[in-house]
Structure formats: structure tokens, C-alpha cells
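An overview of the molecular structure
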Amino acid sequence: DNKVSYHIPAVGGLTAGISFTNSGAAGDADATEYGLKYAMDAGGAAVTIGASTGTKDVASAQDQDHQVIGASISSGAMTVNLSQSTYEDADQNEETNGAAAKFALGNGMTIVGYTTKTEDDTSAEEYTVSGLEIQYTIASGLTAYVDIEDYDYKVGNASGTTADSGTASKLTIKATF
């Protein structure tokens, strides 16, 4: 595959680009994608908004289309992220929404809360996950993470899958050299 991309020079806080992938002589899997990001300061908060969209040709079937938009707002010790995305092809029509918030408590401790929900209109499948993570810097290069996550998967009319729900927890120690 040959790919050509063009990114505009930054204009203030705006960056953007486009790419085209040529799958070869047949042209059955060509792809075109666009993306942009805008970063600004709003009353002391750093705000970044980004979006992308793309289409990949599929021979003798529905094309694969995807879109995503997200925003990040950071002020002082708090950061909030929001996102929404869609994906569609011959077998799927998914929409995902997510939100996360991070707060630095000081003394090397950070709390993160998040939630995500994905729904597939084609199969009526649904997946929801919400969680809480506590990060603690033990020493320079050594961090502990405690995660507690609640999830729920509903099968809908998808064949070969099993509904599942529950709570998972995990302790991770990360060493960076």
C-alpha cells in the first residue's frame, strides 16, 4: 500500500492533516482519513479538542467508516477527558462514549475515575465499564497502581458470545529505570 499524507503547518493552536492510502491497482481497499486538533487556553484551563474521520473502501461490501471526537480540559490538579466515537462496517454499527477525570492529590497520589459505554445497533450488544484507579509514587521511578473496575456485557443477538458482568481489581507495581 502507498500512503500520502499532508499536515498543515500549525496555525495558532490548530493542526490538521489528511491522508490517502492507495491499496493498489484494484482500488478495493483505498482509505481516506482527515484529522484536526485545536489547543487553547481558556481562563487558565488548557483545552484541547480533536477529531478524525475516515473511510476504507471494501470490495463488494459496505465501506468501513469511523469518526471520533474528544476534548481534554486541564486546570490545576484536575484533568477531564470526554470522547465519542462511531464505527460502521457490514457487520457492525457501534457507538462509544467515554469520560474520565484525574485529580492529583499531592504527595505523589493521583485518583482517576472513568466510564465507557459501547453499543452495537446491528447486534444489540452492549458493553459498559466504570472504574477507579489510585496511583501512588512510592519513590522516584517506582509507582503503585490500584484498579477497581465494574463491567457489564450484554449479548444482544450476537451469536457465539456469552453475557458477562462483574468486578475486577488489580494491583500493579511499575518500576522505571
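These numbers come from a predicted model, not from an experiment.

Now for the overall build of the chain. Scanning the chain from terminus to terminus reveals zero helices and eleven strands. Relative to the 2.2 N^0.38 estimate, which gives 16 Å for 177 residues, the radius of gyration of the chain is 20 Å and therefore markedly larger than a compact globule would have. Oriented by its inertia axes, the alpha-carbon framework of the chain measures out at about 60 × 50 × 35 Å. Going through the 177 residues of the chain one by one, you find that 15% of them count as buried.

A few words now on the pattern of salt bridges. With the rule as written, the count across this model stands at four salt bridges. Note that Glu126 is salt-bridged to Lys117, the shortest N-O span being 3.9 Å. Owing to a relative accessible area of 19%, Glu126 belongs among the buried residues under this scheme. As a salt-bridge pair, Lys154 and Asp152 come within 4.0 Å of each other at their nearest N and O atoms. Judged by relative accessible area, which is 42%, Lys154 ranks as partly exposed. Overlapping salt bridges, with partners in common, bring together Lys117, Glu119, Glu126, Asp152 and Lys154 in one network.

What follows deals with the side chain of Asp89. Here Asp89 is to be found in the loop between β6 (78-88) and β7 (93-106). Here Asp89 occupies a buried position and makes no salt bridge, while the nearest side chain of opposite charge, Lys56, is found at 10 Å. Side-chain polar atoms of Asp89 contact the backbone nitrogen of Asp91, separated by 2.8 Å. Within the structure, the side chain of Asp89 is placed 2.8 Å from the backbone nitrogen of Gln92, a separation counted as a polar contact. Residue contacts for Asp89: discarding those within four places in its chain leaves Gln62, Asp63 and Gln64.

Turning to the pairing of strand β3 (residues 31-42), a few remarks are in order. As paired elements, strand β2 (residues 14-22) and β3 share eight bridges and run antiparallel to each other. Directly across from Gly17, in β3, lies its bridge partner Gly35. The antiparallel hairpin formed by β3 and strand β4 (residues 45-56) contains two residues in its connecting segment, where Gly43 sits at a positive phi of about 60°.

One ladder, built from eleven bridges, connects β6 with β7; its direction is antiparallel. Bridge pairing in β7 places Leu82 opposite Ala99. A loop of four residues connects β6 with β7, the two strands running antiparallel in sequence. As defined by bridge partners, β7 adjoins strand β8 (residues 109-120) across twelve bridges and the pair is classed as antiparallel. Across the sheet, residue Gly106 finds its bridge partner in β8, namely Met109. Between the antiparallel neighbours β7 and β8 lie two residues, among them Asn107 with a positive phi of about 55°.

Sheets are built from strands paired through backbone hydrogen bonds, the pairs being either parallel or antiparallel. On the basis of which strands lie adjacent, the open sheet formed by eleven strands has the order β1-β2-β3-β4-β5-β6-β7-β8-β9-β10-β11 and antiparallel pairing. The two strands at the open ends of the sheet, each matched to only one other strand, are β1 (2-7) and β11 (164-175). Direction aside, neighbouring strands of the sheet carry axes that sit 10° apart on average. As judged from the twelve bridges shared by β8 and strand β9 (residues 125-139), these two strands associate in the antiparallel manner. Considered in β9, the bridge of Lys117 is made with Thr128.

Each value, and the rule that gives it
Residues numbered from 1 in each chain as written. Predicted model: local features only at pLDDT ≥ 70, side-chain atom pairs only at ≥ 80, totals over all residues. Heavy atoms only, no water. Helix = DSSP H or I, 4+ residues; strand = E, 2+ residues; numbered from the N terminus. Rg over C-alpha atoms; globule rule 2.2 N^0.38 Å. Buried < 20%, exposed > 50% of the residue type's maximum accessible area, 1.4 Å probe, protein only. Salt bridge = Lys/Arg side-chain N within 4 Å of Asp/Glu carboxyl O. Lys, Arg positive; Asp, Glu negative; His and termini not counted. Polar contact = N/O pair within 3.5 Å; in protein donor to acceptor, adjacent residues only side chain to side chain. Contact = heavy atoms within 4.5 Å. Pairing = 2+ DSSP bridges. Axes fitted to C-alpha atoms, helices over the stretch in contact; angles between N-to-C directions.

This is a description of form; function is not addressed.
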